[in-house]
Amino acid sequence: MSKFTRREILSAFLGLPFALAACKSDSANEFPDGDIVGANAQVGHILRENRNVEVSANNWENTKVAIVGGGAAGLSSAWKLQKENFSDFVLLELEAAIGGTARSGADNFTSYPWGAHYLPVPFKENAELIALLDEMNLTEGRNQNGEIIVAEQFLCREPEERVFYKGRWYEGLYLRAGANEDDLQQLSEFQKAIDFWVNWRDTRGRRAFVLPIADCSTDAEATDLDKISFADWLRKKGFTSDRLFWYCDYACRDDYGLRLGQTSAWAGLFYFCSRVRSSGEESQQFITFPEGNGRFVNYLHEKIRNKTRLKTIALEIIPNEKGVDVIYLNTEANEVRLSVGCALFARAV
Ligand SMILES: Cc1cc2nc3c(=O)[nH]c(=O)nc-3n(C[C@H](O)[C@H](O)[C@H](O)COP(=O)(O)OP(=O)(O)OC[C@H]3O[C@@H](n4cnc5c(N)ncnc54)[C@H](O)[C@@H]3O)c2cc1C
């Protein structure tokens with residue numbers, strides 16, 4: 001069998017430019033051309049400095065709503081306002097590109113997500129999100145239970161997830177290989193606890209964990225779970241299996257960027273329960289695109305492009321008797337402006 005050089009192997013998997021850069025003799029710390037995508041540190045420092053800014057009188061403007069942040073949340077708020085024929089708003093985004101953690105990119109060959117890559121198919125109760133999916137022509141009607149049918153080409157049929165352990169890949173996120181009887185027994189007990197919460201309803205028929213979060217139960221039995229960490233919840237339930245702890249820790253890192261001890265039991269259980277309609281059912285399917293959730297971002301942005309101000313940081317939001325004043329800085333023009341009377345109340349200037 002012929003031997004491959006390091007450059008040939010890197011070239012086969014990562015492309016020639018990477019291989020060339022990686023194999024230069026003095027290239028230990030060199031990367032191929034490109035930028036690290038993500039929050040701009042320089043801009044972040046401006047926020048951290050807590051600058052005291054003077055706003056000159058002619059730099060005031062009056063809008064009824066200022067949306068701070070052009071991630072999925074900000075963009076969908078803007079979409080909602082626009083749908084309600086409300087147009088007196090601006091959206092301020094500190095980065096040069098829209099999308100936040102659902103941002104995407106494209107090259108000559110394909111588009112790709114930088115962060116969020118899929119959307120679990122919403123339950124029928126999630127009317128606002130379904131309205132967006134309908135509007136984007138991603139749905140093909142409803143089934144006999146009233147649940148949406150997503151067009152096949154937008155579904156990810158095989159969302160395989162694997163764990164790399166001791167030099168090998170294993171299917172699934174829970175490492176079954178090498179699990180002993182006690183591990184598997186605890187996994188089964190854990191699943192029962194999840195089933196309990198999936199089926200749980202409060203006196204008003206609300207689920208404990210569901211999207212949108214506004215529909216979640218506010219009963220103490222559910223909300224008290226926010227007072228303890230997921231790690232403590234597991235321990236209180238008598239769980240000790242390292243594998244189970246690793247699995248739950250993975251879930252917290254994946255969804256919240258936090259460890260098991262830093263995530264509340266409410267948030268941890270939300271991960272496991274909110275995408276399952278009723279116990280025993282599979283988790284909801286995933287809607288995905290080459291650019292991941294960037295498809296939603298770009299669609300929403302297109303609708304409100306003329307209301308969007310990129311490279312614009314909200315420095316301060318000051319409540320007043322009529323709403324709030326938003327002091328913002330355009331990092332390109334280095335211009336500080338004041339948006340007056342935001343959040344539904346206008347103030348005469
Ligand atoms: C790597 C990764 C993978 C993910 N995968 C998935 C997935 O597959 N499916 C899924 O559903 N979710 C996923 N998520 C989570 C998902 O991306 C987020 O829940 C969602 O996009 C958050 O949207 P947001 O608008 O609340 O916040 P963000 O995306 O954080 O957007 C906030 C925006 O506000 C801007 N901003 C902040 N402060 C200011 C300021 N002072 N002035 C002006 N602008 C400001 C930021 O620049 C940013 O653009 C993933 C997240 C990451 C990081």
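Scroll up to find the structure.
Residues numbered from 1 in each chain as written. Predicted model: local features only at pLDDT ≥ 70, side-chain atom pairs only at ≥ 80, totals over all residues.

J.: Before we go on, may I ask you to explain the site of the ligand in this structure?
T.: Residues in close proximity to the ligand total 23 residues, the closest being Gly-69, Gly-71, Ala-73, Gly-100 and Ala-116. Among the secondary structure elements, those contributing two or more residues to the shell around the ligand are helix 4 (72–83), strand 6 (118–120) and strand 14 (312–320). Here the shell around the ligand takes three residues from helix 4, the largest share from any one element. When its residues are assigned to classes, the shell around the ligand shows twelve nonpolar, nine polar and two charged. (Near = placed C-beta within 6 Å. Helix = DSSP H or I, 4+ residues; strand = E, 2+ residues; numbered from the N terminus. Nonpolar A, V, L, I, M, F, W, Y, C, P; charged D, E, K, R; others polar.)

J.: Even after reading the chapter, I still don't get the packing of helix 6 (residues 181–199) against helix 10 (residues 265–273), so can you show me in this structure?
T.: Helix packing for two helices is described by the angle between their axes and how far apart those axes are. It is the contact of helix 6 with helix 10, at a shortest axis distance of 10 Å, that shows an interaxial angle of 85°. It follows from the interaxial angle that helix 6 and helix 10 lie roughly perpendicular. Every residue of helix 10 that contacts helix 6 at Ile-194, Trp-197 and Val-198 is listed here: Leu-269, Phe-272 and Cys-273. The residue makeup of the contact of helix 6 with helix 10, split by class, is six nonpolar, no polar and no charged. (Axes fitted to C-alpha atoms, helices over the stretch in contact; angles between N-to-C directions. Parallel < 35°, antiparallel > 145°, perpendicular 65-115°, else oblique. Contact = placed C-beta atoms within 7 Å.)

J.: Is there a simple way to think about the pairing of strand 11 (residues 168–171) in this case?
T.: Residues in a regular strand point their side chains to alternate faces of the sheet. Across four bridges, strand 10 (residues 162–165) lies against strand 11 in antiparallel orientation. Bridge assignment links Tyr-165 to a residue of strand 11, and that residue is Arg-168. The antiparallel pairing of strand 10 with strand 11 creates a hairpin that spans two residues between the two strands, and Lys-166 there sits at a positive phi of about 45°. (Pairing = 2+ DSSP bridges.)

J.: Sorry, what's going on with the environment of Leu-258 here?
T.: Its location among the elements puts Leu-258 in the loop between helix 9 (242–256) and helix 10. Since 16 C-beta atoms lie within 10 Å of it, Leu-258 is described here as partly exposed. The residues contacting Leu-258, other than those within four sequence positions of it, are Cys-252, Arg-253 and Thr-263. (Buried ≥ 20, exposed ≤ 12 C-beta atoms within 10 Å, placed from the backbone.)

J.: Can you help me understand the nonpolar core in this one?
T.: Generally speaking, nonpolar side chains in soluble globular proteins are found buried as a group. Core analysis: the biggest nonpolar cluster contains 23 residues, and Ala-66, Ala-78 and Val-297 have the highest contact counts within it. At the level of secondary structure, the elements contributing two or more residues to this core comprise strand 2 (65–68), helix 4, strand 3 (89–92), helix 11 (294–304) and strand 15 (323–330). Among the nonpolar cores identified, the runner-up in size contains 21 residues, and Ala-208, Phe-209, Ala-231 and Phe-272 belong to it. (Core = buried A, V, L, I, M, F, W, Y, C linked by C-beta atoms within 7 Å.)

J.: Just to check I follow, could you spell out the packing of helix 9 against helix 10 for this structure?
T.: Interhelical geometry of helix 9 versus helix 10 gives an angle of 90° and a closest axis separation of 10 Å. Taken together, helix 9 and helix 10 sit at an angle that is classed as roughly perpendicular. Residues Cys-248, Ala-251, Cys-252, Asp-255 and Tyr-256 of helix 9 touch helix 10, and the partners they reach there are Ala-267, Gly-268, Tyr-271 and Phe-272.

J.: Would you explain the sheet that holds strand 6 in this entry?
T.: As a general point, the strands of a sheet are linked pairwise by backbone hydrogen bonds and lie either parallel or antiparallel. Across the sheet, three strands lie side by side as 6-12-9; this open sheet has antiparallel pairing. Single-partner strands in this sheet number two, and they are strand 6 and strand 9 (155–156). Bridge count between strand 6 and strand 12 (residues 286–288): three bridges; the pairing is antiparallel. Following the sheet pairing, Tyr-118 is matched in strand 12 by Thr-288.

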